[in-house]
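Residue strings, one per chain:
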Amino acid sequence: MTEAAGDPPASSDAVASAWTRAVRSIADINDIDAWPSTVDYALVALAAHFESTAVLPRPLMRSPDWTSERVITALAVSAHRSMAVSGYAYNGKRNAPVTERAAALVRKIDIPSYVGQETGIPFTPDLSLLYVVYDEPGAGLGLHLDSRGYSDVNLLLCLEKVTPYPEMESSTVFITSSGRETHELDPGQCLIFEGPSTLHGRTPIRKGERIILLNVGLTRSRDAHAGFADDDAIDWPAIGICGC
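Parameters at a glance
- Residues numbered from 1 in each chain as written.
- Predicted model: local features only at pLDDT ≥ 70, side-chain atom pairs only at ≥ 80, totals over all residues.
- Heavy atoms only, no water.
- Helix = DSSP H or I, 4+ residues; strand = E, 2+ residues; numbered from the N terminus.
- Buried < 20%, exposed > 50% of the residue type's maximum accessible area, 1.4 Å probe, protein only.
- Contact = heavy atoms within 4.5 Å.
- Areas by Shrake-Rupley, 256 points an atom, 1.4 Å probe, with all protein chains shown as cover.
- Pairing = 2+ DSSP bridges.
- Axes fitted to C-alpha atoms, helices over the stretch in contact; angles between N-to-C directions.
- pLDDT = per-residue confidence, 0-100.
- Core = buried A, V, L, I, M, F, W, Y, C linked by side-chain atoms within 4.5 Å.
- Polar contact = N/O pair within 3.5 Å; in protein donor to acceptor, adjacent residues only side chain to side chain.
- 1 Å grid on protein atoms, 1.4 Å probe; cavity = no way out; pocket = protein on both sides within 12 Å on 5 of 7 lines; lining within 4 Å.
- Points joined across faces, edges and corners; volume = space filled by probe spheres on them.
- Nonpolar A, V, L, I, M, F, W, Y, C, P; charged D, E, K, R; others polar.

Chemist: I'd like a description of the overall build of the chain, backed by residues and values.
Modeler: In terms of helices and strands, the chain carries five helices and eleven strands. Within the chain, the proportion of its 244 residues that are buried is 47%. Long-range pairs, those at least 24 residues apart, make up 84% of the contacts in the chain between residues at least 6 apart in sequence. When the accessible surface of the chain is totalled, it reaches about 12,400 Å², and 53% of it is carbon and sulfur.

In structure tokens form, the structure reads like this:
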């Protein structure tokens, strides 16, 4: 992982883990099509609770103009190399660190500015970068919340997709207050979402499928309102507000 934003606070890890355990105790993503309606109702109610305090309540799917074939190919080749050298199994899938050259390319793109423009949320330049690979039958990711210590908002970029099942391919799943959302990304497409406040996961892949993603974790700028004058300096009577 490159340019980590700092060690995650234990409290944010504990909160995310507790909610994840609770959700997985009632909803197995391997049986997503067989969930009883009571499970969907419970998850939607929970999603509404999380959205009430979220800065980005719904996931966004985008096709950025900076995802040229050269950029996606370079990152995909880097991901294959990193998986071969440093890949490791984790939580139902495989992860690999992003190389320094690939990280330099991502920094040059300036993803914080891009996501800021798309969401209206200011971000720091700090990034948490990780390759995420699903390449073995059954590989998937149960519904969960991310730790706030890892990121505030995530951009999930598809680098490679191989599937012999275009009508039944693995998908990224979100639970929102409107219900279940599924997204199948093609190379160059991305999802932007608030991982600590949005239940998300991936349905298992089948034999012959392979999905390679770049997970970019972004941190909100905490001084987004810095630089503005104290409201005592405002001439309130001049704009019709008296008795202040």
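Now, onward.
Chemist: Residues and numbers for the sheet that holds strand 10 (residues 199-202), please.
Modeler: Pairing is antiparallel across the open sheet formed by four strands, whose spatial order is 5-10-7-8. On the outer flanks of this sheet lie strand 5 (141-144) and strand 8 (179-183), each paired with one strand and no other. Shown here is a sheet whose adjacent strand axes are inclined to one another by a mean of 15°, direction ignored. Judged from the five bridges that link them, strand 7 (residues 172-176) and strand 8 form a sheet pairing that is antiparallel. Within strand 8, the residue paired with Phe174 across the bridge is Glu181. The strands touched by helix 2 (residues 37-51) are strand 5, strand 7, strand 8 and strand 10; relative to strand 7, the strand with the most contacts, the crossing angle is about 75°.

Chemist: Help me get a handle on the confidence of the model for the chain, residues and values and all.
Modeler: Detail in the predicted coordinates should be disregarded across regions flagged by low pLDDT. Overall, the predicted model of the chain reaches an average pLDDT of 89, with 86% of residues at or above 70. Between residues 1-9, whose pLDDT stays under 50, and residues either more than four places distant or in other chains, the model counts 26 contacts. Between residues 225-230, whose pLDDT stays under 50, and residues either more than four places distant or in other chains, the model counts zero contacts.

Chemist: So what about the nonpolar core? Which residues, and what values?
Modeler: Judged by nonpolar contacts, the single largest core of 34 residues is most densely connected at Leu155 and Leu159. At the level of elements, helix 3 (69-86), helix 4 (100-109), helix 5 (111-119), strand 4 (123-134), strand 6 (153-162), strand 9 (190-193) and strand 11 (210-220) are the ones that each hand at least two residues to this core. Examining the composition of this core, we find that six residues originate from one element, helix 3, more than from any other. Leu159 has contacts with Ile72, Leu75, Ala76, Ala79, Tyr131, Pro187, Ile212, Leu213 and Leu214, leaving out every residue within four places of it along the chain.

Chemist: Quick rundown of the sheet that holds strand 6? Include the residues and the values.
Modeler: Paired through backbone hydrogen bonds, the strands of a sheet run either parallel or antiparallel to each other. Sheet architecture is open: seven strands sit in the order 1-9-6-11-4-3-2, paired in antiparallel fashion. Where the open sheet ends on each side, the last strands, each with one partner, are strand 1 (60-62) and strand 2 (88-90). Neighbour-to-neighbour, the strand axes of this sheet turn through a mean angle of 30°, independent of strand direction. Examined bridge by bridge, strand 4 and strand 11 share nine bridges and lie antiparallel to one another. If you follow Leu130 over to strand 11, its bridge partner there is Asn215.

Chemist: If you had to explain the side chain of Thr172 to someone new, which residues and values would you point to?
Modeler: Secondary-structure assignment places Thr172 in strand 7. Reaching out from Thr172, the side chain makes a polar contact with the side chain of Arg202 at a distance of 3.0 Å. Those residues in contact with Thr172, other than ones at most four positions away along the chain, are Leu156, Glu181, Thr182, His183, Leu191, Gly201 and Arg202.

Chemist: How would you explain the layout of surface pockets if you had to name every residue and give the values?
Modeler: If you add up the space inside the second largest pocket, you get close to 320 Å³. Lining of the second largest pocket is provided by 17 residues; of these, Asp33, Met168, Glu169, Ser171 and Thr203 occupy positions nearest its centre. Here the residues of the lining of the second largest pocket sort into five nonpolar, five polar and seven charged.

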